[in-house]
Amino acid sequence: MIQEFIRLRPEVDIVCHIQATSPCLHPHHIREALQMITEQGCDYVFSVVRRHQFRWEEVNEKGSKNPTPLNIDVAHRPRRQDWCGELCENGSFYFYRRKTLENSLEQLDKIAYYEMLPEHSVDIDVDIDWPVAEQRVLRFGYFGQEEKTAIRLFLCNVSGCLTNCQIYTSVSGEDLVAVNARDVAGIQMLQREDIEVILISSVNEPLSRGLLEKVSQQARCGLRIGEQQKGLEVERLMREKNLRWDEVAFMGSEAEDVDILSQVGLNGVPCDAPVADLIAAKYICQRPAGHGAIREFAEYILTLEKKSTAQVHQNRIDRAHRIDRAQSVCVAVIT
């Protein structure tokens with residue numbers, strides 16, 4: 001595939017092969033590795049991670065030969081924290097110069113590796129890797145600029161997000177909808193963190209106004225029913241509350257939501273949303289609409305908020321530490 005690419009794109013001088021099974025790759029990893037090609041003159045750069053694992057030779061179970069250690073002295077086994085470990089390919093990315101690919105990697109004048117931290121080196125190979133990768137992504141993954149800005153408002157569609165778009169009719173002729181208790185709990189989690197939650201609806205909403213108001217009461221949050229397009233109602237709401245797009249999180253489920261999804265600081269969709277919404281979404285819930293998708297997205301929002309707060313706190317600690325060290329140096333010099 002890469003050979004075909006360079007054949008069709010003769011203007012390309014450097015190729016980066018990124019593995020989709022390494023979800024914790026950050027933009028700065030790519031930038032720094034690219035600099036090793038453009039500034040240090042490397043022909044081939046690949047990503048590695050440092051492992052602290054003692055390896056042993058594999059032997060035939062029926063044989064009498066004892067396994068021998070490959071990278072340790074058994075009589076002087078080091079502690080993990082005292083051992084520098086070994087560098088292993090983590091399969092995250094590979095950089096090549098065009099001439100390197102054209103020579104089928106047979107002539108490599110200068111090779112270099114780019115070392116990534118273990119928390120960024122998760123790799124998905126088998127099913128058991130998925131839950132590990134999910135937790136690693138939530139803690140160490142890349143989420144763009146949204147993690148630097150506090151979310152102040154969460155907007156959510158009623159049909160297709162809070163409800164599953166199904167309308168039930170009672171014997172007496174009343175329209176009924178179901179609201180998942182998990183989603184209500186997710187809304188309350190956001191509200192406890194001072195994030196305002198407002199349900200929004202448009203003129204195309206299949207639910208009646210009375211039923212929409214009842215749903216908002218059940219969810220204990222605000223309701224805005226737009227008389228025009230939903231996007232115009234959202235813009236009007238942001239002007240009223242003096243909010244920027246990056247301070248708003250939105251969960252949508254309809255084709256008309258794509259524009260809003262592409263503008264807000266953080267967005268999400270249920271897993272059963274239309275294809276257009278899935279393409280525009282930054283976060284696709286594992287749960288469908290009306291079955292805990294809002295609770296899942298709320299947890300995601302709060303995880304990012306917690307990560308952002310922790311980073312700011314750490315930066316303050318580092319800054320204070322640098323000031324203390326500078327003062328200590330000044331005192332030492334004066335003395």
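Residues numbered from 1 in each chain as written. Predicted model: local features only at pLDDT ≥ 70, side-chain atom pairs only at ≥ 80, totals over all residues. Heavy atoms only, no water.

**Let's talk about the sheet that holds strand β2 (residues 44–51)**
Link 1 in the chain: Pairing is mixed in the open sheet, where four strands are placed in the order β1-β3-β2-β4. On the outer flanks of this sheet lie β1 (14–18) and β4 (111–116), each paired with one strand and no other. Neighbour-to-neighbour, the strand axes of the sheet open up by a mean angle of 35°, direction not taken into account.
Link 2 in the chain: Here β2 runs beside β4; their pairing, made up of six bridges, is parallel. Its bridge partner lying in β4, S47 is registered against Y114. (Pairing = 2+ DSSP bridges. Helix = DSSP H or I, 4+ residues; strand = E, 2+ residues; numbered from the N terminus. Axes fitted to C-alpha atoms, helices over the stretch in contact; angles between N-to-C directions.)

**Comments concerning the pattern of salt bridges**
Link 1 in the chain: According to the stated counting rule, one finds 17 salt bridges in the structure shown.
Link 2 in the chain: A salt bridge links E196 to K241; the nearest nitrogen and oxygen atoms lie 3.1 Å apart. Of this pair, E196 sits in strand β8 (residues 196–201) while K241 sits in helix α7 (residues 230–241), and the two are 45 residues apart along the sequence.
Link 3 in the chain: Residue classification places K241 among the partly exposed positions, given a relative accessible area of 29%. (Salt bridge = Lys/Arg side-chain N within 4 Å of Asp/Glu carboxyl O. Buried < 20%, exposed > 50% of the residue type's maximum accessible area, 1.4 Å probe, protein only.)

**Considering the packing of aromatic side chains**
Link 1 in the chain: Here the structure, examined in full by the defined rule, presents nine aromatic pairs.
Link 2 in the chain: Ring plane angle 20° and centroid distance 4.1 Å describe the contact between Y283 and Y300, whose orientation is recorded as stacked. Pair noted here: Y283 is in strand β12 (residues 283–284) and Y300 is in helix α10 (residues 293–334), with a separation of 17 residues, a long-range link.
Link 3 in the chain: One aromatic cluster is present, built from ring pairs that chain together F154, Y283, F297 and Y300. (Phe/Tyr/Trp six-rings, centres within 6.5 Å; stacked < 30°, edge-to-face > 60°.)

**Topic: the pairing of β8**
Link 1 in the chain: Burial within β8 is extensive, with five of its six residues counted as buried.
Link 2 in the chain: Pairing of strand β5 (residues 153–157) with β8 involves five bridges; the strand directions are parallel. When the bridges of β8 are listed, N157 appears paired with I200.
Link 3 in the chain: Sheet topology note: the β8/strand β9 (residues 222–225) ladder contains four bridges and is parallel. Bridging across to β9, I200 finds its partner in R224.

**Details of the sheet that holds strand β11 (residues 266–269)**
Through backbone hydrogen bonds, the strands of a sheet pair up, either in parallel or in antiparallel fashion.
Link 1 in the chain: Overall, parallel pairing links the six strands, which are arranged β9-β8-β5-β10-β11-β12 in an open sheet. Of all strands in the sheet, those with a lone pairing partner are β9 and β12, marking the two edges.
Link 2 in the chain: Both strand β10 (residues 248–251) and β11 contribute to a ladder of three bridges, which runs parallel. Counterpart to M251 in the pairing with β11 is G268.
Link 3 in the chain: Helix-sheet contacts for helix α6 (residues 209–219) involve β8 and β9, and the interaxial angle to β9 is about 155°. (Contact = heavy atoms within 4.5 Å.)

**Notes on the confidence of the model for the protein**
Link 1 in the chain: Of the residues in the protein, 89% have a pLDDT of 70 or more, and the chain-wide mean is 84.
Link 2 in the chain: Confidence drops under pLDDT 50 across residues 312–319; counting only partners more than four residues distant or on other chains, this segment forms zero contacts.
Link 3 in the chain: For the stretch residues 325–335, pLDDT sits under 50, and the model shows zero contacts to residues farther than four places along the chain or on other chains. (pLDDT = per-residue confidence, 0-100.)

**A closer look at the pairing of β5**
Link 1 in the chain: Across the five residues of β5, five count as buried, placing the element largely inside the fold.
Link 2 in the chain: With burial as the criterion, each face of β5 is covered, one bearing L153, L155 and N157 and the other bearing F154 and C156.
Link 3 in the chain: Of the pairings in the sheet, the one linking β5 to β10 comprises four bridges and is parallel in character. In the strand pairing of β10, F154 is matched with A249.

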